[in-house]
Amino acid sequence: MILENYRDRKLKELYQVITRSDFKGNLEDDYMLSVMYAMRCIDRIQENDPFIKENDYVNVAKEIIRIYDSVQGNDYEDLSIEVWTRALMTYMRKEDKKYRDIHRSSSFDLMKDVIPYIKES
């Protein structure tokens, strides 16, 4: 119990450092938390068949967040970061795209390229 309480306290501290939250709904920045979640999604999806290099995890995660942020206000805004991660990774595999390829695309073009892969993921 003591170890669990210690971990919980450290987790709260880490969360506050990352988001600058006051635990009253006032988050100054949740971008890093979103990127970390996207990295977790990449990691879980690659569990059996890794193709994204470890060095590209953060960069690909940022691209996922870029897509996720660009769809706010349209028909796809209710889709989760995990859905966009799966769709992007399916797109990258099927179209043989690397990080540098997707980074060169505008947010809108990348979103349009990934949308057809939502149903496949």
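Everything quoted here is computed from the prediction, not taken from an experiment.

Thresholds, definitions, all that
- Residues numbered from 1 in each chain as written.
- Predicted model: local features only at pLDDT ≥ 70, side-chain atom pairs only at ≥ 80, totals over all residues.
- Heavy atoms only, no water.
- Helix = DSSP H or I, 4+ residues; strand = E, 2+ residues; numbered from the N terminus.
- Buried < 20%, exposed > 50% of the residue type's maximum accessible area, 1.4 Å probe, protein only.
- Salt bridge = Lys/Arg side-chain N within 4 Å of Asp/Glu carboxyl O.
- Axes fitted to C-alpha atoms, helices over the stretch in contact; angles between N-to-C directions.
- Parallel < 35°, antiparallel > 145°, perpendicular 65-115°, else oblique.
- Left-handed = near helix turned anticlockwise from the far one by under 90°.
- Contact = heavy atoms within 4.5 Å.
- Nonpolar A, V, L, I, M, F, W, Y, C, P; charged D, E, K, R; others polar.
- Phe/Tyr/Trp six-rings, centres within 6.5 Å; stacked < 30°, edge-to-face > 60°.
- Expected span 1.5 Å × (residues − 1).

**What about unusual backbone geometry?**
Even without being glycine, Arg 20 reaches a positive phi, approximately 55°. Mapped onto the elements, Arg 20 comes out in the loop between α1 (2-19) and α2 (31-45). Look at Arg 20 and you get partly exposed, because its relative accessible area is 43%. Here the phi dihedral of Phe 23 falls at roughly 60°; this positive angle occurs in a residue that is not glycine. With respect to the helices and strands, the residue Phe 23 is situated in the loop between α1 and α2.

**Some remarks on the pattern of salt bridges**
For the structure on display, the rule yields ten salt bridges. Put simply, Asp 29 and Arg 20 hold a salt bridge, and the shortest N to O gap is 4.0 Å. With its nearest N and O atoms 3.6 Å apart, the salt bridge here joins Arg 44 to Glu 47. Here the salt bridges share partners, and the residues they tie into one network are Arg 9, Lys 10 and Glu 13.

**Some thoughts on the packing of α2 against helix α4 (residues 81-94)**
In the contact formed by α2 and α4, the axes pass within 9 Å of each other and the chain directions differ by 50°. With respect to each other, α2 and α4 are oriented oblique. Taken as a pair, α2 and α4 cross one another with a handedness that is right-handed. Mapping the contact onto sequence places Ser 34, Tyr 37, Ala 38, Cys 41, Ile 42 and Ile 45 in α2 and Ile 81, Glu 82, Thr 85, Arg 86 and Met 89 in α4. Within the contact of α2 with α4, the residues separate by chemical class into seven nonpolar, two polar and two charged.

**As for the packing of aromatic side chains**
Inspection of every chain in the model, using the stated rule, returns three aromatic pairs. Residues Tyr 15 and Phe 23 carry aromatic rings whose centres are separated by 5.7 Å and whose planes lie at 25° to one another, so their mutual orientation is stacked. The class of Phe 23 is partly exposed, set by a relative accessible area of 44%.

**Quick look at the packing of α2 against helix α3 (residues 57-70)**
In the contact formed by α2 and α3, the axes pass within 8 Å of each other and the chain directions differ by 110°. Compared by their axis directions, α2 and α3 come out roughly perpendicular. When you trace α2 past α3, the crossing you get is right-handed. Contact with α2, carried on its side by Tyr 31, Ser 34, Val 35, Ala 38, Met 39, Ile 42 and Asp 43, involves Tyr 57, Val 58, Val 60, Ala 61, Lys 62, Ile 64 and Ile 65 of α3 and no other residues of that element. Residue composition of the contact of α2 with α3, grouped by class: eleven nonpolar, one polar and two charged.

**Thoughts on α3**
Its 14 residues place the ends of α3 20 Å apart at the C-alpha level, agreeing with the 20 Å of an ideal helix rising 1.5 Å per residue. Buried within α3 are the following residues: Tyr 57, Val 60, Ala 61, Glu 63, Ile 64, Ile 65 and Ile 67. Among the structural elements, α2, α4, α5 (99-103) and α6 (107-114) are those in contact with the buried residues of α3.

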